[in-house]
Amino acid sequence: YYSNGISFLGPDCWCNDAQLCLGLHHGAVLSSFALGEADNVDWYAQRVIEHVSFEDTIGVQQIVLKSLAQSDRHQECISRGIYILRQLNFYFPLAPSNDKILNTMASTASMASQYSSDRIISLCHATTDDSTYAVVKIMDAFYVSAYTTASSFVPVIACEIIKFSLQNGVCPESAMSFATFALFKIFLQGDYSGGKY
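Here is a short report on the structure shown in this document. (Residues numbered from 1 in each chain as written. Predicted model: local features only at pLDDT ≥ 70, side-chain atom pairs only at ≥ 80, totals over all residues. Heavy atoms only, no water.)

By convention here, two paired aromatic rings are described through the distance between centres and the angle between planes. For the structure on display, the rule yields 2 aromatic pairs. Ring centres of Trp43 and Tyr44 lie 5.2 Å apart, and the angle between their planes is 90°; this geometry places the pair in the edge-to-face category. Ring centres 6.2 Å apart and planes at 20° place the aromatic pair Tyr143 and Tyr147 in the stacked group. Of this pair, Tyr143 and Tyr147 both sit in helix H9 (residues 130–148), 4 residues apart, which is roughly one turn of the helix. Its end group placed over the ring of Trp43, Arg47 keeps NZ or CZ at 4.5 Å from the ring centre. (Phe/Tyr/Trp six-rings, centres within 6.5 Å; stacked < 30°, edge-to-face > 60°. Helix = DSSP H or I, 4+ residues; strand = E, 2+ residues; numbered from the N terminus. Lys NZ or Arg CZ within 6 Å of the ring centre and 35° of its normal.)

Turning our eyes to something else, we now look at the packing of helix H3 (residues 18–34) against helix H4 (residues 38–51). It is the contact of H3 with H4, at a shortest axis distance of 8 Å, that shows an interaxial angle of 160°. In terms of orientation, H3 and H4 fall into the roughly antiparallel class. The handedness of the crossing between H3 and H4 is left-handed. Residue-level inspection shows Leu22, His25, Ala28, Val29, Ser32 and Phe33 of H3 in contact with H4, the latter providing Asn40, Val41, Tyr44, Ala45, Arg47 and Val48. (Axes fitted to C-alpha atoms, helices over the stretch in contact; angles between N-to-C directions. Parallel < 35°, antiparallel > 145°, perpendicular 65-115°, else oblique. Left-handed = near helix turned anticlockwise from the far one by under 90°. Contact = heavy atoms within 4.5 Å.)

A few words on the side chain of Ser32. Its place among the elements puts Ser32 in helix H3. Residue Ser32 is classed as buried on the basis of its relative accessible area of 4%. Those residues in contact with Ser32, other than ones at most four positions away along the chain, are Glu37, Asn40, Val41 and Tyr44. (Buried < 20%, exposed > 50% of the residue type's maximum accessible area, 1.4 Å probe, protein only.)

The next point concerns unusual backbone geometry. Although it is not a glycine, Asp72 sits at a positive phi angle of roughly 60°. Relative accessible area serves as the criterion here: at 60%, Asp72 is assigned to the exposed category. Located in the positive-phi region is Asn89, a residue other than glycine, with phi close to 65°. Inspection of the secondary structure puts Asn89 in the loop between helix H6 (74–87) and helix H7 (98–112).

The subject of this paragraph is H6. In this model H6 runs 20 Å from its N-terminal to its C-terminal C-alpha over 14 residues, within 8% of the 20 Å that 1.5 Å per residue would give. Within H6, burial applies to His74, Cys77, Ile78, Gly81, Ile82, Ile84 and Leu85. Down the axis of H6, the buried set is contained in an arc of 160°. They therefore lie on one face. Turned more than 90 degrees from where H6 packs its buried face, Gln75 and Tyr83 sit exposed. Just beyond H6, the residue with positive phi is Asn89, at close to 65°. (Expected span 1.5 Å × (residues − 1). Arc of directions from axis to C-beta.)

Turning next to the state of the cysteines. Under the defined criterion, the tally for this structure stands at 0 disulfides. The thiol of Cys171 is unpaired, and the distance to the nearest cysteine sulfur, on Cys124, comes to 9.2 Å. (Disulfide = S-S within 2.5 Å.)

This paragraph deals with the packing of H4 against helix H5 (residues 58–70). With their axes 10 Å apart at the nearest point, H4 and H5 run at an angle of 155° to one another. On the basis of their axis angle, the class for H4 and H5 is roughly antiparallel. In terms of crossing hand, the pair formed by H4 and H5 is left-handed. The segment H4 lies against H5, with Ala38, Val41, Asp42, Ala45, Val48 and Ile49 engaging Val60, Gln61, Val64 and Ser67.

Next up, the structure:
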């Protein structure tokens, strides 16, 4: 369906109707991902990246990261995710040390302790534009690769998503990070009270 639609637009589709072309390519990326066609995901995504502003590629970039994880290309997924975050002016540590991880967890626990459960739940209803959530969506997209490879990025990703969500509003992509943080608090530190958030 999407590939036929793209072919009907002709070679100058990006010049004639960029929004329609973006919509069709985004659909092609998404359907290719659903079918497990990683090569097509890459091909259609690259067309989008070449023709629209970086901000307009975030949805496609998110799917590409998930496709890389699905294809067991985990290191590539993590590296690309960090690169995208830097393009969004969010600077993620390239090689988090144990001290960095512990400090990040401590600062996250300190911030989260200032929020009641009801207040966190109320943040789920916060309305904000998609561009604000771009950072969370990208981090969530390469979280699976970090988790699968037992990467030191796992606690850092979880903490950064939690802090960003507490400041900007909780979105669906925040859920896994709250669960991960609770896991670390309960099983690593025995902190059942801190883990309830």
